[in-house]
Amino acid sequence: MVAIKNPMLLEIPDSFQSERLIIRAPRAGDGAAVNEAVRESLDNLRPWMPWADHEPELEESEESVRRGAARWILREDLWLLLFRKSDGLYVGGSGLHRMDWSVPSFEIGYWVRKSLEGQGYVTEAVKAITDIAFMAVSAERVEIRCDTRNERSAAVAKRAGYMLEATLHHDGRDPNGDLRDTYIFGMTQRQYLIHKGVEITE
Amino acid sequence: MVGVAKPILLDIPESFETERLLIRAPRAGDGAVMNAAMAETIHNLRHWLPMPWCQNLQTPAETEESVRRSSALWILREDFRFGLFRKSDGAYIGACGLHRPDWSIPQLEIGYWIRASVEGQGYVGEAVAGVNQFAFETLKAERMEIRCDSRNDRSAAVARKAGFTLEATLRHNDTTADGSALRDTLLFAMIKDQYFYHKEHGVKAT
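These remarks concern the structure in this document.

Thresholds applied
- Residues numbered from 1 in each chain as written.
- Chains lettered and ligands numbered in written order.
- Predicted model: local features only at pLDDT ≥ 70, side-chain atom pairs only at ≥ 80, totals over all residues.
- Heavy atoms only, no water.
- Helix = DSSP H or I, 4+ residues; strand = E, 2+ residues; numbered from the N terminus.
- Rg over C-alpha atoms; globule rule 2.2 N^0.38 Å.
- Buried < 20%, exposed > 50% of the residue type's maximum accessible area, 1.4 Å probe, protein only.
- Contact = heavy atoms within 4.5 Å.
- Expected span 1.5 Å × (residues − 1).
- Pairing = 2+ DSSP bridges.
- Axes fitted to C-alpha atoms, helices over the stretch in contact; angles between N-to-C directions.

Some words on the overall build of chain B
Argument step 1. Counting its regular elements, chain B contains six helices and eight strands.
Argument step 2. Listing every helix and strand of chain B by position from the N terminus yields β-β-α-α-α-β-β-β-α-β-α-β-β-α.
Argument step 3. At 16 Å, chain B has a C-alpha radius of gyration in line with the 17 Å of a compact globule built from 206 residues.
Argument step 4. If one aligns the C-alpha atoms of chain B with their principal axes, the spans along those axes are about 45 × 40 × 35 Å.
Argument step 5. Across the 206 residues of chain B, 49% fall into the buried class.
Argument step 6. Sequence separation of 24 or more characterises 62% of the internal contacts of chain B that already satisfy a separation of 6 or more.

Side note on helix 3 (residues 121–136) of chain A
Argument step 1. Given a rise of 1.5 Å per residue, 16 residues ought to cover 22 Å, and the 22 Å separating the end C-alpha atoms of helix 3 of chain A matches this to within 8%.
Argument step 2. One or two steps after helix 3 of chain A, the chain reaches Ser-138 of chain A, where phi turns positive at roughly 50°.

A look at the sheet that holds strand 2 (residues 21–24) of chain A
Residue and element names in this part refer to chain A.
Argument step 1. In spatial order, the strands read 1-2-3-4-5-6-8-7; together these eight strands make up an open sheet with mixed pairing. Unpaired on one side and paired on the other, strand 1 (15–17) and strand 7 (163–173) mark the two borders of the sheet. Direction aside, neighbouring strands of the sheet carry axes that sit 25° apart on average.
Argument step 2. Judged from the seven bridges that link them, strand 4 (residues 90–100) and strand 5 (residues 105–112) form a sheet pairing that is antiparallel. Residue pairing across strands places Gly-95 opposite Gly-109, the latter belonging to strand 5.
Argument step 3. Against the sheet, helix 1 (residues 31–45) engages strand 3 (78–84), strand 4 and strand 5, with an angle of about 85° to strand 5.

This is the structure:
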């Protein structure tokens, strides 16, 4: 595989499914669902997510989904919203972020609303998004990063088959301003294909 | 408070119709038909419009990229390009856009071009009237502008016919599209009261 010269011309499915989830790009009108879930989950998000430092107004959430839709088209950030198939409930957020199209490589981020924790939705989403990254977007590498104290997040990366590559010491500050350590989990395309049982020819 | 503080939160329809035209925001996939229209028209565009895509014909892939970029700018409310599609057969016949928004007023500028094979049938006038209505009634514009090279008689005629007032001839304020000489620019404008007066009493060409 080679670097992607013009990611704007790359056809990327903006909606796909896993067993229990519809996973899709943000659209105008999604702000209300996102806002409700963020408000419900703020206590859980605050220690880990810099953007979760205040209760967002509805308009702020709507503005952010519209900006997200534009950044999707520009291929600057591929934010993905998770909806439960059975009832359409907004489950949480994920996406392919901080891309380097010259590799191509991506970082997957995720969070789940408080009332739906512990039901495996995040792992299910991460596996499906990993498939899209390697199969549809021809990623060479996908990364997951988290605070070393965020055990639940680290467990998702491991369950999805990512390998712990590094622990970065004092490489950032948490939302309280304290120094933190960061785990880097990685998966290469070769590793992904082996997991999937695809025969590799050199 | 006047003006629009958060234009990204405006709910704006992405398409509307006039008598003979479907006027709509660009979408992924429009590049091919647009590029064909540009290829046919580049000899006209080159005279009057300085943008790189009017000076040298793009490849279809470059046009497709620019269509996608403009659909993102639409969402961000930074620039509104519209494709003009003939209702009778769906043909792409040109573009009309709302550019350079100043949301503190709000004010926007109308731009337009028509493919060479359908010139002279009044499509541009029809599109400008539709886009101008969209600007005043949907975007709540207070003022609209049309600017053109002072030698571009056909473009100036469109502005006059649409009821815009010539406010100024800006002498030597720009270079010709090919950059070889200085040119004058005609600045036409319409304000909100004028628009609604025209609407009630019929457009008076200026």
